[in-house]
Amino acid sequence: MELLFHNPELLRNIRSRLRKGRALGGIILYLLFVLLIAYILFEGTKHSQGGSPWTEYSKQLYFALLGIEYFVNFIMGAVLCSNTIVTDREKNAYDFLRMLPIHPAHLVIGKLLGTPILVYVLLALTLPVSLLCVSIGNIPWSIFFTTHAILLFGGFFTHSLGLFFSSLATKS
């Protein structure tokens, strides 16, 4: 638990990534994009034949949100992680971080969980809508849990790969 709650690198990354203007702009753009996709799907299913239009709309919206979540988690999170150590080296902050009395595990966990923190916030913002779509669209809960487990563990894997390649690179 010390790796999470008393981790100075994690706290530094969270504070820097979730600054008011920086995070708010990304959140607003993300929510506007999700609303645009929801509106386009709503207009497309408004005139659907057979079955409940809300059930069909909920299914389509759920899988569209899932695609957006996968893109944000796998692509954006991996890009952020693959750039973090290189950026610290370019700012001459990486040598300073290594000389601090921080265990290397704290440094890795701090980078791995702190760098894509905005990605985690964006995923958390769409989770209630996904839950609503699952309940209205009669989507089996096993699909929900399976897809979100893949999202969680696959994201952790791609973020780890990004961090690994960032540690190998010398310039961005």
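Cut-off values and rules
Residues numbered from 1 in each chain as written. Predicted model: local features only at pLDDT ≥ 70, side-chain atom pairs only at ≥ 80, totals over all residues. Heavy atoms only, no water. Helix = DSSP H or I, 4+ residues; strand = E, 2+ residues; numbered from the N terminus. Buried < 20%, exposed > 50% of the residue type's maximum accessible area, 1.4 Å probe, protein only. Contact = heavy atoms within 4.5 Å. Areas by Shrake-Rupley, 256 points an atom, 1.4 Å probe, with all protein chains shown as cover. Lys, Arg positive; Asp, Glu negative; His and termini not counted. Charge placed at Lys NZ, Arg CZ, Asp CG, Glu CD. Expected span 1.5 Å × (residues − 1). Salt bridge = Lys/Arg side-chain N within 4 Å of Asp/Glu carboxyl O. Axes fitted to C-alpha atoms, helices over the stretch in contact; angles between N-to-C directions. Parallel < 35°, antiparallel > 145°, perpendicular 65-115°, else oblique. Left-handed = near helix turned anticlockwise from the far one by under 90°. Nonpolar A, V, L, I, M, F, W, Y, C, P; charged D, E, K, R; others polar. Phe/Tyr/Trp six-rings, centres within 6.5 Å; stacked < 30°, edge-to-face > 60°.

**Q** Could you clarify how one ought to interpret the overall build of the protein in this entry?
**A** Secondary structure summary: the protein contains eight helices and zero strands in total. Counting from the amino terminus, the protein carries its helices and strands in the arrangement α-α-α-α-α-α-α-α. Projected onto its principal axes, the C-alpha coordinates of the protein cover approximately 65 × 30 × 25 Å. Burial statistics for the protein: of 172 residues in total, 37% are counted as buried. Within the protein, contacts between residues separated by at least 24 positions form 83% of all contacts whose residues are at least 6 apart in sequence. A total of about 10,300 Å² of accessible surface is found on the protein, and carbon and sulfur atoms cover 73% of it. Averaging the locations of the 13 positively and 8 negatively charged side chains of the protein gives two centres separated by 6 Å.

**Q** Where do I start with helix 8 (residues 141-168) in this structure?
**A** One full turn of an α-helix is made of 3.6 residues, so residues set three or four places apart face in the same direction. Here helix 8 is 28 residues long and its end C-alpha atoms lie 40 Å apart, about the 40 Å a rise of 1.5 Å per residue gives. Turning to helix 8, its buried residues are Phe144, Thr147, His148, Leu151, Gly154, Gly155, His159, Gly162, Leu163 and Ser166. Residues of helix 8 that are buried in the fold lie against helix 4 (53-90), helix 6 (104-114) and helix 7 (117-136).

**Q** In this structure, what is going on with the environment of Leu4? I would like to understand it.
**A** By the secondary structure assignment, Leu4 is in helix 1 (residues 2-5). Residue Leu4 is classed as partly exposed on the basis of its relative accessible area, which comes to 37%. For Leu4 and Gly114, which are 110 residues apart along the polypeptide, the C-alpha to C-alpha distance reads 10.0 Å. Those residues in contact with Leu4, other than ones at most four positions away along the chain, are Leu10, Ile109 and Leu113.

**Q** Quick question: what am I supposed to make of the pattern of salt bridges here?
**A** Under the definition given, this model contains four salt bridges. Taking the shortest distance from any N to any O, the salt bridge between Glu9 and Lys111 comes out at 3.0 Å. Placement of Glu9 in helix 2 (residues 8-17) and of Lys111 in helix 6 is noted, with a sequence separation of 102 residues between them. Across the pair, exposure class does not vary: Glu9 and Lys111 are buried alike. Notably, a salt bridge pairs Lys111 with Asp88, separated by 2.2 Å at the nearest N-O pair. Of this pair, Lys111 sits in helix 6 while Asp88 sits in helix 4, and the two are 23 residues apart along the sequence. A residue is classified by how much of its surface remains accessible, and Lys111, at 2% relative accessible area, is buried.

**Q** In this structure, what is going on with the packing of helix 2 against helix 6? I would like to understand it.
**A** Each pair of packed helices can be summarised by the angle the axes make with each other and by the distance between the axes. With their axes 7 Å apart at the nearest point, helix 2 and helix 6 run at an angle of 25° to one another. The angle between helix 2 and helix 6 places the two elements in the roughly parallel class. Between helix 2 and helix 6 the crossing geometry is right-handed. Packed against helix 2, whose contacting residues are Glu9, Leu10, Arg12, Asn13, Ile14 and Arg17, the element helix 6 presents His106, Leu107, Ile109, Gly110, Lys111, Leu113 and Gly114 at the interface. Its residues placed into classes, the contact of helix 2 with helix 6 shows five nonpolar, four polar and four charged.

**Q** It is not clear to me how the packing of aromatic side chains should be interpreted in this structure. Could you clarify?
**A** Aromatic rings considered in pairs are described by the distance between their centres and by the relative angle of their planes. Tallying each qualifying case throughout the model produces 10 aromatic pairs. Aromatic pair Tyr70 and Phe74: ring centres 5.2 Å apart, planes at 75°, arrangement edge-to-face. Of the two residues, Tyr70 and Phe74 are both situated in helix 4; the distance of four residues between them amounts to about one turn of the helix. Each member of the aromatic cluster is reached from another via a ring pair, and the members are Tyr62, Phe63, Trp141, Phe144 and Phe145.

**Q** In this structure, what is going on with the packing of helix 4 against helix 8? I would like to understand it.
**A** Running from N to C, helix 4 and helix 8 point in directions that differ by 20°, and their axes come no closer than 7 Å. Taken together, the axes of helix 4 and helix 8 lie roughly parallel to each other. Both helix 4 and helix 8 take part in a crossing whose hand is right-handed. Of the residues belonging to the contact of helix 4 with helix 8, the class tally is 14 nonpolar, 14 polar and two charged.

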